[in-house]
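Now for the letters of each chain:
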Amino acid sequence: MTAAVAFLFASASCALSPALAFQVNSSAIGSNSARSSITIAASQPTPLTTVASSTTATTAGDASTDESYLYVPSERDEHYQGNIAKYLLDLDDVGATLDFCGGMMFHLVLSDKLKSHLQTISSNNNNNQPVIHPATQPLMNRTPDYQKSAAADNISIFHGRELRKIPTANGGMGFVLQLSYADPSGAASPIDVSHVAGKGADTAWSGKALDPQGWSSEEISTYDGWRGDSFRQWRKGSMYEAEGFDSFSTEFGKEAFGLNHRFFLHLDDRERMWLSAEDGCEGTPSEGRSLMGKLGGILFGK
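Let us look at the structure shown here. (Residues numbered from 1 in each chain as written. Predicted model: local features only at pLDDT ≥ 70, side-chain atom pairs only at ≥ 80, totals over all residues. Heavy atoms only, no water.)

Some thoughts on empty space enclosed by the protein
This is how it is decided: Think of a 1 Å grid over the protein atoms and nothing else: a 1.4 Å probe that fits but is trapped marks a cavity, an open set flanked by protein within 12 Å on at least five of seven lines marks a pocket, and residues with an atom within 4 Å of a point count as lining. Grid points are joined across faces, edges and corners, and a volume is the space filled by probe spheres set on the points. Throughout, the ten residues Ala, Val, Leu, Ile, Met, Phe, Trp, Tyr, Cys and Pro are labelled nonpolar, Asp, Glu, Lys and Arg are labelled charged, and all others, Gly among them, are labelled polar.
Approximately 40 Å³ is the volume attributed to the largest cavity. Of the residues in the lining of the largest cavity, the class split is seven nonpolar, two polar and three charged.

Here it is as structure tokens:
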């Protein structure tokens, strides 16, 4: 019990460290550059157009050995044969959790528009497949042509959010990691009175808010995900809904709040896939609930 409690406090400390994990600044909640082209990784790993069909929805904590291809790198590569779009769809379908910071379990959720896009890519197996960057690019700022901006292309970089206090989230901790669809026609623009960008941005981005569940125009124009979370704009449900995400509270609960991030995929030296935010916080698909997740379940009644 002593070891478990120590682990809980260590993970909680990690959760509050801006260098290691998503940090909550409750006082900021609800208050009130793009690259010219986003380049696919020059050195891609062994491909992950799929062999299999859809999986049966389960909770992440009950993932069966039949779904081990979602978590075991060698099985993943054999199963998906380069169809990364299908891999992301399957992770969403089973309600997979991503293990952030050694035990913070985030339930992966794709927006409806992003799912529709990935389903088209998965079926056609075209050049718009998402990219998993090599282990030599573990941080977004090490990827080719990186710039501080709101730019995303649904290939190399994705729009997303960390969401908290979600009563239905898998993993027992109330955390959701949502990915959404970004405007593929967006381009870099100089920052001026007609092209605004978040604090510290290199360029503005002309992309529009095309996903009803995705980033709002306000989230795009003020994005500054390279900064520490405590300096950034957290949003409550009322703010998301005022900015156009009408169904936010219905989907995630009345107490939910969150923060937008850009994300990218990369491998590590064990060929595991990581979904990494621009600030360096990242998670890998988990086969089940960790000790932290189980303790969180006890604490939060899960």
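Further notes follow.
So, the pattern of salt bridges
As a reminder, the rule being used: What counts as a salt bridge is simple: a side-chain nitrogen of Lys or Arg found within 4 Å of a carboxyl oxygen of Asp or Glu.
Throughout the structure, instances matching the rule amount to 10 salt bridges. Put simply, arginine 227 and aspartate 224 hold a salt bridge, and the shortest N to O gap is 2.9 Å. Among the ionic contacts, a cluster of salt bridges with common partners joins Asp224, Arg227 and Arg232.

Re unusual backbone geometry
Cut-off, in case you're wondering: Every helix listed is a DSSP run of H or I at least four residues long, and every strand listed is a run of E at least two residues long, numbered separately from the N terminus. Whether a residue is buried, partly exposed or exposed follows from its accessible area with a 1.4 Å probe, protein chains only, as a fraction of its type maximum: under 20%, in between, or over 50%, in that order.
Despite not being glycine, glutamine 81 has its phi angle at roughly 50°, a positive value. Tracing the backbone shows glutamine 81 in the loop between helix 2 (73–80) and helix 3 (84–93). Owing to a relative accessible area of 43%, glutamine 81 belongs among the partly exposed residues under this scheme. A positive phi angle, near 60°, is found at lysine 165, a position not held by glycine. Within the secondary structure, lysine 165 sits in the loop between strand 4 (158–164) and strand 5 (175–180). With relative accessibility at 48%, the residue lysine 165 sits in the partly exposed group.

Overview of the packing of aromatic side chains
Heads up, the condition is: In this scheme Phe, Tyr and Trp rings, the latter by its six-membered ring, pair at centre separations within 6.5 Å, and the angle between planes marks the pair as stacked below 30 degrees, edge-to-face above 60, and tilted otherwise.
If you walk through the whole model with that rule in mind, you get 11 aromatic pairs. Note on tyrosine 80 and tyrosine 87: the rings are 5.1 Å apart at their centroids and 55° apart in plane angle, and the pair reads as tilted. Tyrosine 80 sits in the buried class, given a relative accessible area of 0%. Geometrically, the ring pair formed by phenylalanine 248 and phenylalanine 252 is tilted, given 5.3 Å between the ring centres and 50° between the ring planes.

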